[in-house]
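Residue strings, one per chain:
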Amino acid sequence: RERARKAKAAAAAKAKRERERKRARARAAKVKALALEKAQRQREREKIARAKAKARDQEQRLKAKQRAVAAKQRAAEREARDAARSAAKKEAAIRREAARQEARAAKHAAREAAKIHCRGCGTVVVANRAKADGNRALACAFCGGDFHPSCFVPAQFGGSAESRRTGPCILCRCGRYEVATKRPALSSRARSFLRDGVTVATLPGGANTVARLNAARKAIDERYAALTRAYEMAVNSGEPVPTLATGYANFRERGAGRYEIIAPEITNAVFEPLVNAGPIRALVDELLPRLSTQLGLDPNSAAGRDVDDIAIHSSGCIYATPGASGQNWHTDGPLASLRDDDALPYAVNVFVPLVPVGTANGTQFVPGTHRPSTIAKRRDKTPRAEGDAIAVDAPADELARTVKRLLPTARGG
């Protein structure tokens, strides 16, 4: 019985322990479940918190972006308003300046309209048309152009001073340029001369002319030697003397090693073969006007011959020593009347070399530059030998307007 009682007690204790273990396991399982549930709830809360934080962050970024866009838009609007105000100010300033310029232009135009400009030289004859003085301005009855009395018909045109103040002006007397198709009677030389403003021709007389020019060359050599000796003596005398750059009436320097000498014997030697016969005389007779009929004079009378005959306006000799420098491109007279650049010539500038010349030591011309409105290609027309001559257009508004230059020389000439 004792053993049975002990066994029963042991079994009861064992069962009790088993029950306690089960209860302990149940409590542990319950605690674990509660911990898991609590952890799950914590994770859910954290997830919800993260989602809310992300949403808040996104919302804040969106609001910041919207604020930046709004600020940029406000800045753009301010800039647009400022630009509009600035443009309006500039436009107003431009309108004011345009109005001022227009007023100045109108005032200048009124002043210019009141002026009388010479059609020959282009300068102002009378500043106020309402106060025009007949002693200072002449009006052509044919073209209505205004002129200085000295420009109306220049003295080199010939005739008395009174005859040059009556009748047509210099431009009306010379006429207007016409193309070759309208002037079939003109020779080919005259047509090319009107087109280019320069032509090369051989003087008549052959060997006699060359001998005459050689004699003129010898005479000019002697004249140059005498003039230089006289100048050296004047300088050595200690008396004040002008420089050769300003020069004397018959001797002056035209660049380093180049001199202009006025010598009547040279003029006479060259002038005779020009006026007697040959292409230059034919060109002059063909182009220069016969004024006696225009002025109502008898061509055979003394007055008629006075205005019709050829006369020398000026002459001189350019003497180049070895090594003389070249010249810049230039004209022998200013371009004073652009609108009348195609008037027929009333004078012809003639260059006659006294030595054999060519592209190395002659004179270069640019054909076509006697007419400023014409853009001409540069070509050389240089005399090739003694006895050749170049005729250059000298229209009514300047004596010689074809562009030219003297070339540097390796030898004298």
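Residues numbered from 1 in each chain as written. Predicted model: local features only at pLDDT ≥ 70, side-chain atom pairs only at ≥ 80, totals over all residues. Heavy atoms only, no water.

Undergrad: Tell me what's going on with the overall build of the chain, and back it up with residues and numbers.
TA: Tallying secondary structure elements over the chain gives 10 helices and 12 strands in all. A burial count over the chain gives 31% of its 413 residues as buried. Once local pairs closer than 6 in sequence are excluded, the contacts in the chain between residues at least 24 apart make up 69%. Only carbon and sulfur atoms are counted for the fraction: they give 55% of the accessible area of the chain, which is about 25,100 Å². (Helix = DSSP H or I, 4+ residues; strand = E, 2+ residues; numbered from the N terminus. Buried < 20%, exposed > 50% of the residue type's maximum accessible area, 1.4 Å probe, protein only. Contact = heavy atoms within 4.5 Å. Areas by Shrake-Rupley, 256 points an atom, 1.4 Å probe, with all protein chains shown as cover.)

Undergrad: Explain the packing of aromatic side chains to me, and be specific about the residues and the numbers.
TA: Summed over the entire model, instances satisfying the criterion amount to 5 aromatic pairs. Relative to Y259, the ring of Y224 has its centre 5.5 Å away and its plane inclined at 45 degrees; by these criteria the two rings are tilted. One end of the pair, Y224, is in helix α6 (residues 207–236); the other, Y259, is in strand β7 (residues 258–261), and 35 residues separate them in sequence. The exposure class assigned to Y224 is buried, which follows from its relative accessible area of 16%. By relative accessible area, which is 12% here, Y259 ends up buried. Taking the centre distance of 5.4 Å and the plane angle of 70 degrees together, the rings of F351 and F365 count as edge-to-face. In this pair, F351 sits in strand β9 (residues 347–351) while F365 sits in strand β10 (residues 363–365), placing the two residues 14 residues apart along the sequence. For F365, a relative accessible area of 0% translates into the label buried. (Phe/Tyr/Trp six-rings, centres within 6.5 Å; stacked < 30°, edge-to-face > 60°.)

Undergrad: Can you lay out the confidence of the model for the chain for me, pointing to particular residues and giving the numbers?
TA: Mean pLDDT for the chain: 76, with 72% of residues reaching 70 or above. Here strand β11 (residues 388–394) is the element of the chain with the lowest mean pLDDT, 48, and helix α1 (residues 2–114) is the one with the highest, 90. In this model, residues 176–182 is a region of pLDDT below 50 whose contacts with residues beyond four sequence positions or in other chains number 13 contacts. Every residue in residues 375–388 scores below 50 in pLDDT, and together they form 53 contacts with partners more than four places removed in sequence or on other chains. (pLDDT = per-residue confidence, 0-100.)

Undergrad: Run through the nonpolar core, naming residues and quoting values.
TA: If you look at the biggest cluster of nonpolar residues, it comprises 23 residues, and the most contacted ones within it are I220, Y224, F251, I261, I266, V270 and L354. Contributions of two or more residues to this core are made by α6, β7, α7 (264–276), α8 (279–287) and β8 (317–320). Counting residues per element, this core draws most heavily on α6, at 6 residues. The residues touching I261, leaving out its near neighbours within four places in the chain, are I220, R223, Y224, L227, N250, F251, G316, C317 and Y319. (Core = buried A, V, L, I, M, F, W, Y, C linked by side-chain atoms within 4.5 Å.)

Undergrad: Give a description of the sheet that holds β8 that names residues and reports values.
TA: In space, the 3 strands of this open sheet follow the order β6-β7-β8, with antiparallel pairing throughout. For this open sheet the edge positions go to β6 (251–253) and β8, each flanked by a neighbour on one side alone. When strand polarity is set aside, the average angle formed by the axes of neighbouring strands in this sheet is 25 degrees. (Pairing = 2+ DSSP bridges. Axes fitted to C-alpha atoms, helices over the stretch in contact; angles between N-to-C directions.)

Undergrad: Summarise a positive patch on the surface; cite the residues concerned and give the values.
TA: Residues K16, R19, R23 and R27 make up a contiguous surface patch of positive charge. For K16, the location among the structural elements is in helix α1. (Patch = residues over 30% accessible without salt bridge, like charges linked within 9 Å, V, L, I, M, F, W, Y side chains within 5 Å. Salt bridge = Lys/Arg side-chain N within 4 Å of Asp/Glu carboxyl O. Lys, Arg positive; Asp, Glu negative; His and termini not counted. Charge placed at Lys NZ, Arg CZ, Asp CG, Glu CD.)

Undergrad: With reference to specific residues and values, describe the packing of helix α5 (residues 188–196) against α8.
TA: Put simply, α5 and α8 touch, their axes get as near as 10 Å, and they point 70 degrees apart. In terms of orientation, α5 lies roughly perpendicular with respect to α8. Listed contacts from α8 to R189, A190, F193 and L194 of α5 are P279, L283, E286 and L287. Class assignment of the residues belonging to the contact of α5 with α8 gives a composition of 6 nonpolar, no polar and 2 charged. (Parallel < 35°, antiparallel > 145°, perpendicular 65-115°, else oblique. Nonpolar A, V, L, I, M, F, W, Y, C, P; charged D, E, K, R; others polar.)

Undergrad: Go over α8 with me, naming the residues and quoting the values.
TA: Looking only at α8, the buried set comprises I280, L283, V284 and L287. Within α8, the buried residues cover an arc of 95 degrees as seen down the axis, which keeps them to one side. (Arc of directions from axis to C-beta.)

Undergrad: Quick rundown of the pattern of salt bridges? Include the residues and the values.
TA: By the definition in use, this model includes 13 salt bridges. Between R61 and D57 there is a salt bridge whose closest N-O contact spans 1.8 Å. With a gap of 4 residues between them, R61 and D57 both fall in helix α1, about one helical turn apart. What makes D57 partly exposed here is its relative accessible area of 34%. Several salt bridges converge on common partners, so that one network encompasses E18, R21 and R25.

Undergrad: Explain the side chain of D196 residue by residue, including any values.
TA: Structurally, the position occupied by D196 is in helix α5. In this structure D196 comes out as buried when scored by relative accessible area, which is 6%. Looking at D196, its side chain comes within polar contact range of the side chain of R195, at 3.1 Å. (Polar contact = N/O pair within 3.5 Å; in protein donor to acceptor, adjacent residues only side chain to side chain.)

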